[in-house]
Each structure stands twice: as C-alpha cells, then as structure tokens.
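Notes for the structure review
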Amino acid sequence: MSALPPKADINRGSPQCLLLAKSGHSSLYLILFADSGLCLVYIMRLSIILEVFSQRRNWFSALISLAIAGLLVACAGSTVRNPVPGTLLNQAVVVGMNDVRFWGDQTPPNINAIIKEKFAQMRASRPQLLKAGKKARIRFLTVSGGGSDGAYGAGLLVGWSDSGTRPEFELVTGVSTGALIAPFAFLGKQYDPILKEMYTTYSTDAFLKKRPVKGLLGGSALASNKPLASLIAKYVDQKFMAEIAAAHQTGRRLLIGTTNLDAQRPVTWDMGKIADSGDPEALHLFRNVLLASAAIPGVFPPVFINVKADGKIYDEMHVDGGTTNQVFLLPNQLMVAKDVDRKTRFRPKRRVYVIRNGRVGPEHKAVKAGTLSIASRSVSTMIKYQGIGDLYKMYSFSRRNGIQYRLSYIPADFKDTSTEPFDTVYMTKLFNLGYRLGKKGYRWKKKPPGSGGS
C-alpha cells in the first residue's frame, strides 16, 4: 500500500497524513489533527479493513488502542527536567564558573568589571595598541547562522587570508553555523584548513542522524546531534582551548550566542573566559555551548546546561542562537562612547565585518499545497526576513556608536542546488565562490540590503 484510498481526501480536510514506514501490504501513517494533536495509526489495505469491519465490530477500538499506546510511548520518552524558576532566572550561574555569560538583550550589570579586565589585559600584552590612541584600528567580525550556507563565510575568510589583507579581529561573534566558524576565525589563518575541511568534506551524516519516528513520538527532535557533537570534539580539544585562553588573556574576545528557550531570551557566552577558567568542566561547557548554538529547534535536540540558583541545582534548555538573533555584536543598549571610551580614554577607529551566510533577496519557488511544504516555506521566509532585520539593527547600532559597517552575503545569482541538508557538492561550490570573492578583494557593502547606496 503506497497511499490512502483516493477518496480519503487528506489534503482538503483538517487531518494531514505522513507516511512513516511501510511493510508489505501495511503502512504506518502519522495522522495530524489541527485541533487535537497527533494520532499514530497502523493502516492496512482497504480490502483488509473492509474484511475486518465485516467480521469484527470493534476494529475502531483496536485502532484507538494502538493510538493510545503510541501516546504512552511518547510520554515515556519525555525528558524529566528541573528548570530554573522564573523568579531565579537572573540568579542562575553555571556551576563552578561565574561571569562567563550574560543576557544578550541588555547591558551586563557587571559591564564596568568587564571593561576593566579587558583593558588591564591589553595594557599588559599590547601597550602599543593603547598608545596609538585615535590612530589605532580595531576590527570586529560577526558570523551569522545559515546551516550549510556557512560554506560561504568559511570560503570568504580563507580567501581573505590568502589575499594577505585579513586582519586580526579584536572581537568575534557567531551563532548557529556561525558559532562553528567563529572560534577558528578568532584564532587566525592557521585554522583555515579546518574551515575548508568542515564545509567541503562532511555530508549530512557527519552532522546528524535522522530519527523521525522517535522525534514525533515525544522525543525532543527529529534528528540526533551526536555526530555533530563528535565533530566538535574532534577539533575542540585541550590544545585548542589553551589557544583560545591565550588570545583571551590579551584582551581579545570570542562571544557565542545561544537562546535560553525557557526564558525566551538570547544568552551571550564569553568563550575565552570559559577556556581560561581552569575549571575541569570548561572543555565540556565550551563544546556544549557550540552544540547548543547550532541546535536548530525541532531538528536537533536542545542542550541542557546545569546551573545553580538560590543554593539549588537546575537545568536550562538552550537552542540555536539564531532563534533570537541571526547575527549579533554587543547588547544593543550599549553606548560605546559613554560606556567604554570615556572610561578608558581610548578612542580607536572601529569597523565591524558582518558575514551573512544566506541570501537577502526573494527566491522564487513553487510551493506544494501541503501542510509540511507550506510550513517549511513559511518558516524559511520568516528566518530570512528576521536575518535582514538583524542586519538593520546592527547597522543602526554601528552608526550610533561610530563603528564602520561592512557587510557580505551570498550573491543572488548563486542558486541553491543542494539535495540534502549538507550537500558536499553544493557546499564546495559555495565555499569556492566565497574563496574567490575573498581572494580578489571583496567589495564589502556599507549598508544593509534595500537601504540604498553600496
């Protein structure tokens, strides 16, 4: 049986049907009801159903029983949690490591301490930079989400290195796929071979393991992130952590964004401080933050991070940083001139480079008239325009704080030809495009798309 009987019109009514498995003359379907959740039904060939109906009048009860059994499996598979109470959200700290993160939607309450520590490190390791005063040039880099489109940003950075003009970045931030790129970009061109390897040689199986049935029956995601966790662990080891810590000690900063789903708020993690903490759990936390930042809700399971509040241990649920911010630099409320320059008497020329791993214009595609196709297209459209909005928000922040704004994104004429979530053929072509643009000297846009000017 390959489909429901023709007269069972599942597209125009409220239920929707998804084929999960097939064996012989029987098929396992997921029936989705708009008003009552979901029900798992094992449907046999129509002739068999009619035969059962003629011989047994309780066939419907059997189906209901099977559906209830499916729901019981779903309940049994749920993760038992001990979430932070809403009244304690601002008190929660990572066990063993204080001040390694802050809310991404407000100026940190300890901003003065953060600035003091940074400039003490700069005076100790780079006094010549501070002496340069207004002639000093500070460069920031922020890398957006975008899944396999991260190949563009990786290629652009590698090409930029080979052009001989790529600067050392004072601050690097990243979310989602950008979170996987950011640590290597932070450490410099010696890690370019790894960026190329990550975005040209690994296919979907290296990032995820599909498990749709488990995900639909009460699981936390449609895929396992164990392959991605293994990939992160391959590159992020104690030696790598020591290099991040050493860069942090010079006053440079690496920030990664996640989303606290319980709180519905962005969280910014100071990865250098984690690496430099000396805590035995630092490596585990560092890896988990990267994993969480790339945890697309529903596709990958969330990452649970243990925290302490009011003397008790709780867990926080963290997912993709792109859920709240597709790109970020610093809290939008921060006033650099007021909060930094006046206190430090250091007024360098600042510039932020924004890499948007995606397209910023409309892309035509005929959408099938089915629930899943419509939902998927709608979500991808929403994400695109959220990303564009974040580009404008960063542009506004930059202008307000006297920071030069430079933007790069995937050209509109480069079409998405991928046939799977991480298609190595497509990713290699996109990496090579980014590389060519970076190598020849990319003409960075000075304004967000649609705002006029170049």
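Attention here is on the structure that accompanies the text. Keep in mind that what you see is a predicted model, and the values were worked out from it rather than measured.

Enumeration according to the criterion identifies 16 salt bridges in this entry. With a shortest N-O distance of 2.6 Å, Arg101 and Glu316 are connected by a salt bridge. Note that Arg101 is positioned in strand 5 (residues 101-103) and Glu316 in strand 13 (residues 312-320), a separation of 215 residues in sequence. Arg101 sits in the buried class, given a relative accessible area of 18%. Here Lys118 and Glu170 are joined by a salt bridge, their closest N and O atoms 2.7 Å apart. Taken together, the positions of Lys118 in helix 3 (residues 111-125) and Glu170 in the loop between helix 5 (150-163) and strand 7 (171-174) put the pair 52 residues apart, joining distant regions of the chain. Glu170 carries the same exposure label as Lys118, and that label is buried. One continuous salt-bridge network, built from bridges that share partners, spans Asp149, Arg359, Glu363 and Lys384.

Let us look at the packing of helix 5 against helix 16 (residues 424-439). Contact geometry for helix 5 and helix 16: axes closest at 6 Å, N-to-C directions at 35°. Judged by the sense of rotation from one axis to the other, the crossing of helix 5 with helix 16 is right-handed. Seen from helix 5, the contacting residues are Ala151, Tyr152, Ala154, Gly155, Leu156, Val158, Gly159, Trp160, Asp162 and Ser163; seen from helix 16, they are Met427, Leu430, Phe431, Gly434, Tyr435, Leu437, Gly438 and Lys439.

The next point concerns the pairing of strand 11 (residues 265-270). When you tally the buried positions in strand 11, you get six out of six residues, the bulk of the element. Bridge count between strand 10 (residues 253-260) and strand 11: six bridges; the pairing is antiparallel. Bridged to Thr259 within strand 11 is Pro266. The turn joining strand 10 and strand 11, which pair antiparallel and follow one another in sequence, is formed by four residues; a positive phi near 55° is taken by Gln264.

Once that is clear, we can look at the nonpolar core. Counting 82 residues, the largest nonpolar core has Leu141, Leu254, Trp269, Met271, Ile274, Phe286 and Leu290 as its most contacted members. Setting aside anything within four residues of it in sequence, one finds Leu254 in contact with Val172, Ala182, Pro183, Phe186, Ile244, Trp269, Asp270, Met271, Gly272 and Phe286. With 30 residues, the next largest nonpolar core counts Ala136, Phe140, Val340 and Ile403 among its residues.

Right, let's talk about unusual backbone geometry for a bit. Backbone geometry at Ser176 places phi at a positive 55°, although glycine is not the residue there. For Ser176, the location among the structural elements is in the loop between strand 7 and helix 6 (177-187). When its relative accessible area of 8% is taken as the criterion, Ser176 is described as buried.

A few words now on helix 13 (residues 282-293). Helix length check: helix 13 (twelve residues) gives 17 Å between terminal C-alpha atoms against 16 Å at 1.5 Å per residue, within 8%. Judged by how many residues are buried, helix 13 sits mostly within the fold: ten of twelve residues are covered. Listing the buried residues of helix 13 in full gives Ala282, Leu283, Leu285, Phe286, Asn288, Val289, Leu290, Leu291, Ala292 and Ser293.

In this section: a positive patch on the surface. On the surface, a cluster of positive charge is contributed by Lys134, Arg342, Arg345 and Arg347. Relative to the helices and strands, Arg347 resides in the loop between helix 14 (336-344) and strand 14 (349-356).

With that settled, the discussion passes to the side chain of Lys118. Taking relative accessible area as the criterion, Lys118 reaches 18% and is therefore assigned buried. Of the polar contacts made by the side chain of Lys118, one reaches the backbone oxygen of Gly251; its length is 2.5 Å. Here Lys118 is in contact with Glu170, Gly251, Arg252 and Arg253, once residues within four sequence places are set aside.

Further remarks concern helix 7 (residues 192-200). All buried positions along helix 7 are accounted for by Asp192, Ile194, Leu195, Met198, Tyr199 and Thr200. The inward-facing, buried residues of helix 7 contact helix 5, helix 6, helix 8 (204-207), helix 10 (226-235) and helix 16.

This part covers the packing of aromatic side chains. Going through the model one piece at a time under the given rule, you end up with 14 aromatic pairs. An angle of 15° between the planes, with centres 4.2 Å apart, marks the rings of Phe207 and Phe422 as stacked. Here the residue Phe207 occupies a position in helix 8, and Phe422 occupies one in the loop between strand 15 (403-409) and helix 16, the gap between them amounting to 215 residues. Ring pairing ties together the aromatic residues Trp160, Phe169, Tyr353, Tyr442 and Trp444, which thus form one cluster. Seen from the ring of Tyr409, Lys445 lies directly overhead, with NZ or CZ sitting 5.3 Å from the centre.

Rules used throughout
Residues numbered from 1 in each chain as written. Predicted model: local features only at pLDDT ≥ 70, side-chain atom pairs only at ≥ 80, totals over all residues. Heavy atoms only, no water. Salt bridge = Lys/Arg side-chain N within 4 Å of Asp/Glu carboxyl O. Helix = DSSP H or I, 4+ residues; strand = E, 2+ residues; numbered from the N terminus. Buried < 20%, exposed > 50% of the residue type's maximum accessible area, 1.4 Å probe, protein only. Axes fitted to C-alpha atoms, helices over the stretch in contact; angles between N-to-C directions. Left-handed = near helix turned anticlockwise from the far one by under 90°. Contact = heavy atoms within 4.5 Å. Pairing = 2+ DSSP bridges. Core = buried A, V, L, I, M, F, W, Y, C linked by side-chain atoms within 4.5 Å. Expected span 1.5 Å × (residues − 1). Patch = residues over 30% accessible without salt bridge, like charges linked within 9 Å, V, L, I, M, F, W, Y side chains within 5 Å. Areas by Shrake-Rupley, 256 points an atom, 1.4 Å probe, with all protein chains shown as cover. Lys, Arg positive; Asp, Glu negative; His and termini not counted. Charge placed at Lys NZ, Arg CZ, Asp CG, Glu CD. Polar contact = N/O pair within 3.5 Å; in protein donor to acceptor, adjacent residues only side chain to side chain. Phe/Tyr/Trp six-rings, centres within 6.5 Å; stacked < 30°, edge-to-face > 60°. Lys NZ or Arg CZ within 6 Å of the ring centre and 35° of its normal.

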